[in-house]
Amino acid sequence: MTADGEPVELTERIAQAVAGVPGVAFLRPGLAGLLRSSVAARATGRRVNPEESRAKSAVRVGQGSAPGTLAIEVSVVLRRGHRAVDVTREIRAAVRRTVPAEAENRPPARVTITVTGLV
Amino acid sequence: MPGHPDSPTDAADDGERHEDALLAARAGEGDEEAFEILVRRHGPALLQLATRLLGNRTEAEDAVQDAFVSAWRKLPEFRGESAFSSWMYRIVTNRCLNVLRARRPVAALDAVPEPAAPEHQASPARVAEAHAAVEALSSAMAVLSPEQRVCWVLRELNGLSYEAVADMVGISQEAVRGRVFRARRQLTEAMVAWQ
Amino acid sequence: MAMNADPNSGSTDATDSADVPGEELLPCGRKLGDVWRQWEDGLADPHTRTCPHCSAALHDLDRLQDVVRRARAEEPPQEDTGALVDRVMDVVRLELRPGRTLPLGASAEDDWIVEAAAAKVFRAAADSLPGVRTGSCRIAPAGSGAAAPARRARGPVAVRVEIVVAATVNLQRIAEQVREEVFAAADGLLGMEVGSVDVTVTDVVPEDDLAEGGPR
């Protein structure tokens, strides 16, 4: 959160943007993400807010195949009653709107969206 | 809901079996909502079975929870040769058998607790007496070996046929009859001692 | 061996081979196990009806069975299983099986959906037809054939649905109707390109055996 004015991590900004898209129920990572967060929680010996860590690990930002590009992967659970592909297209647009502010002068990021569930 | 929980193999309503088979196929393909329906549908009967087998509600809940989780993991290989309810009965029975075997042996007949004195003196004597007998029965069950207890409970409290018990426990019908006989023998012995 | 066989012999029931039931002899020479078994199997026997030893043995068993009946009647029902369901499902949701990752949208896009989620939509679509209940629904990426599918292949998917139908359903038409429902759901609810829908009727059952509306 931005309450203390600190710059927010890119993945967190993307997660917030995605969560705001109509039709998105919540962000959900694959199993790897869940394991990572539970291992991290055990390693640091403190309780991690499960919702927060789940949302963050549902967004992965890496290097794209072309130099200087970003590859962004987002995993989401959608609400029934919304056409899935319409929501994923909205998510992509929301991600693109978020990224330029953080990564100016770069070619457009590759954005991969995976629907991991419907509720 | 149709189908008596006591007899999964005999009395399960045809419609419910069809529905269970469909839900199990869905759950095997990762439909956790289908699995939740199965858990809701069969949880009460399985919890009753486990409570009878273990004589302890908390342990029974753990056993049934473990059984369902293990069923979720095994469902992709579940081919529906038997009804889902029979399959679950088998998993719960095996889990409870392991729990019973892991308990420290309570040893011989002279360890049978005396029947508790009727606590409700105000209630009619016959009711109190009947209640005391039931209490005494559950205490007496503690002396049964895990194998005897499982066969006896499935046969007497759940009303399964010897054939069904044999199928569930994975031993011959004659072996089931032998275990039920020995269980009855010990329980009648205990009851004579209460007189 | 007399009436009091070693009372502990029964509790050392570790192996089946040690399990020789009913060897215990009553004073009249009958085996206790045989007497009880006859009673259980409902077989009449003139001897046991008149023999005091057999009668006594049967009386003991009768008393036990009477207490057993009362125990069954007294037992409280185990209906409050809500907490158990929640605990089970909490674990299950940490061990979901999403299946394959399948393409969503047009070929050039980079949107995907897991098989388990798409299958739920297709099953519900088929279930909406009266007299149809859906079991298995598998979805394969385009051109995957028998070989292991390439990870994340684009292109229209192949759907295989298994249904149970009510006897009242027109078997000639039902497969086509299911196909139409699945195509419509793929386009209207998901935005997924479906190349083929194979429908297998696995069972025909009395109409009453199909739950109204199904689980979802």
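Residues numbered from 1 in each chain as written. Chains lettered and ligands numbered in written order. Predicted model: local features only at pLDDT ≥ 70, side-chain atom pairs only at ≥ 80, totals over all residues. Heavy atoms only, no water.

Named according to an unreviewed UniProt entry, chain B is RNA polymerase subunit sigma-70 originating from Streptomyces shenzhenensis. The UniProt entry for chain B carries this comment under Sequence similarities (unreviewed entry): "Belongs to the sigma-70 factor family. ECF subfamily." (UniProt positions renumbered as here; feature names shortened; annotations may be inferred.)

### Quick look at the overall build of chain C
Per the secondary structure count, chain C includes 6 helices and 5 strands. Looking at chain C residue by residue over its 216 residues, the buried ones come to 42%. The contacts in chain C between residues at least 6 apart in sequence include a share of 57% that link residues at least 24 apart. If you sum the accessible surface of chain C, you get close to 10800 Å²; carbon and sulfur atoms cover 53% of it. (Helix = DSSP H or I, 4+ residues; strand = E, 2+ residues; numbered from the N terminus. Buried < 20%, exposed > 50% of the residue type's maximum accessible area, 1.4 Å probe, protein only. Contact = heavy atoms within 4.5 Å. Areas by Shrake-Rupley, 256 points an atom, 1.4 Å probe, with all protein chains shown as cover.)

### Focus: the sheet that holds strand 3 (residues 132–140) of chain C
Residues and elements named next belong to chain C. The 3 strands are arranged 3-4-5 in an open sheet whose pairing can be described as mixed. Whereas interior strands pair on both sides, the edge strands pair on one side only; in this sheet they are strand 3 and strand 5 (194–205). In this sheet, adjacent strand axes meet at a mean angle of 20° when their direction is disregarded. The sheet contact formed by strand 4 (residues 157–166) and strand 5 spans 10 bridges and is parallel. Note that in strand 5 the partner of V165 across the bridge is V204. (Pairing = 2+ DSSP bridges. Axes fitted to C-alpha atoms, helices over the stretch in contact; angles between N-to-C directions.)

### Things to note about the interface of chain B and chain C
Contacts between the two partners involve 72 residues from chain B, matched on the other side by 65 residues from chain C. Summing the contributions of chain B and of chain C, the shared interface buries around 6300 Å²; its carbon and sulfur component is 53%. When the area that chain B buries against chain C is broken down by residue, the three leading residues are R26, E29 and R182 of chain B, summing to 12%. Linking chain B with chain C are 16 salt bridges. Notably, a salt bridge pairs R185 of chain B with E24 of chain C, separated by 2.6 Å at the nearest N-O pair. Among the elements of the structure, helix 1 (14–28), helix 2 (32–54), helix 3 (57–74), helix 5 (125–140), helix 6 (146–157) and helix 8 (173–194) of chain B are those that each provide at least two residues to the side of chain B that touches chain C. With 15 residues, the top contributor of residues to the side of chain B that touches chain C is helix 8 of chain B. Split by residue class, the side of chain B that touches chain C holds 31 nonpolar, 16 polar and 25 charged. (Buried area = accessible area lost by both parts, 1.4 Å probe. Salt bridge = Lys/Arg side-chain N within 4 Å of Asp/Glu carboxyl O. Nonpolar A, V, L, I, M, F, W, Y, C, P; charged D, E, K, R; others polar.)

### Things to note about the confidence of the model for chain B
Residues and elements named next belong to chain B. Model confidence for chain B is summarised by a mean pLDDT of 83, while 79% of its residues fall at 70 or above. Highest mean pLDDT in chain B belongs to helix 3 (96); lowest belongs to helix 5 (75). Every residue in residues 1–11 scores below 50 in pLDDT, and together they form 28 contacts with partners more than four places removed in sequence or on other chains. Long-range and interchain partners of residues 107–123, a stretch whose pLDDT sits below 50, account for 22 contacts in this model, where long-range means more than four residues apart. (pLDDT = per-residue confidence, 0-100.)

### A word on the pattern of salt bridges
Tallying each qualifying case throughout the model produces 40 salt bridges over all chains. We note a salt bridge from D167 of chain B to R90 of chain B, for which the minimum N-O separation is 3.1 Å. Residue D167 of chain B is found in helix 7 (residues 162–169), and its partner R90 of chain B is found in helix 4 (residues 84–102); the two are separated by 77 residues along the sequence. Judged by its relative accessible area of 46%, D167 of chain B falls in the partly exposed class. Taken together, the shared-partner salt bridges in this structure form one network comprising R83, D86 and R89 of chain A together with E109 and D187 of chain C.

### Here we look at the pairing of strand 2 (residues 59–63) of chain A
Residues and elements named next belong to chain A. Pairing of strand 2 with strand 3 (residues 70–78), which is carried by 5 bridges, proceeds in the antiparallel orientation. Its bridge partner being in strand 3, V59 is matched across the sheet by V74. Between strand 2 and strand 3, which pair antiparallel one after the other, the connecting turn spans 6 residues, and G68 there sits at a positive phi close to 80°.

### Describing the packing of aromatic side chains
To describe a pair of aromatic rings, you give the distance between the ring centres and the angle between the ring planes. The tally for this structure, following the rule as stated, stands at 6 aromatic pairs over all chains. With a centroid separation of 6.2 Å and 85° between ring planes, the pair formed by F35 of chain B and F68 of chain B is classed as edge-to-face. Remark: F68 of chain B occurs in helix 3 and F35 of chain B occurs in helix 2; sequence separation between them is 33 residues. Accessibility assignment for this pair places F35 of chain B and F68 of chain B in one class, buried. A centroid spacing of 4.5 Å and a plane angle of 35° characterise the contact between F78 of chain B and W87 of chain B, whose relative ring orientation is tilted. Within the aromatic cluster, the residues linked to one another by ring pairs are F35, F68 and W72 of chain B. Above the ring of W72 of chain B, the side-chain terminus of R97 of chain C is found at 4.0 Å from the ring centroid. In this structure, R154 of chain C is placed above the aromatic ring of W112 of chain C, and the distance from its NZ or CZ to the ring centre is 4.6 Å. (Phe/Tyr/Trp six-rings, centres within 6.5 Å; stacked < 30°, edge-to-face > 60°. Lys NZ or Arg CZ within 6 Å of the ring centre and 35° of its normal.)

### Structural notes on helix 4 (residues 82–94) of chain C
For helix 4 of chain C, which comprises 13 residues, the first-to-last C-alpha distance of 19 Å matches the rise-based estimate of 18 Å (1.5 Å per residue) to within 8%. Buried residues of helix 4 of chain C: L84, V85, V88, M89 and V92 of chain C, and no others. Along the axis of helix 4 of chain C, the buried residues cluster in a sector spanning 125°; they form a single face. Contacts from the buried residues of helix 4 of chain C go to helix 2 and helix 3 of chain B. (Expected span 1.5 Å × (residues − 1). Arc of directions from axis to C-beta.)

### Points about the domain arrangement of chain B
All names here are of chain B. Splitting chain B by domain gives domain 1 (1–103) and domain 2 (106–195). Listed per partner, the contact involves 16 residues of domain 1 and 13 residues of domain 2. Across the domain 1 to domain 2 interface the summed buried area is about 1400 Å²; carbon plus sulfur atoms make up 59%. Of all residues in domain 1, R52, L53 and R90 bury the most surface against domain 2, accounting for 34% of the area lost on that side. In this assembly, domain 1 and domain 2 are joined by 2 salt bridges. Scanning the region where domain 1 abuts domain 2 turns up 7 residue pairs in polar contact (both at pLDDT 80 or more). If you list the elements that add at least two residues to the side of domain 1 that touches domain 2, you get helix 2 and helix 4. For the side of domain 1 that touches domain 2, the element with the most residues is helix 4, which contributes 7 residues. For the side of domain 1 that touches domain 2, the per-class residue count stands at 7 nonpolar, 5 polar and 4 charged. (Domains from an automatic or database assignment. Polar contact = N/O pair within 3.5 Å; in protein donor to acceptor, adjacent residues only side chain to side chain.)

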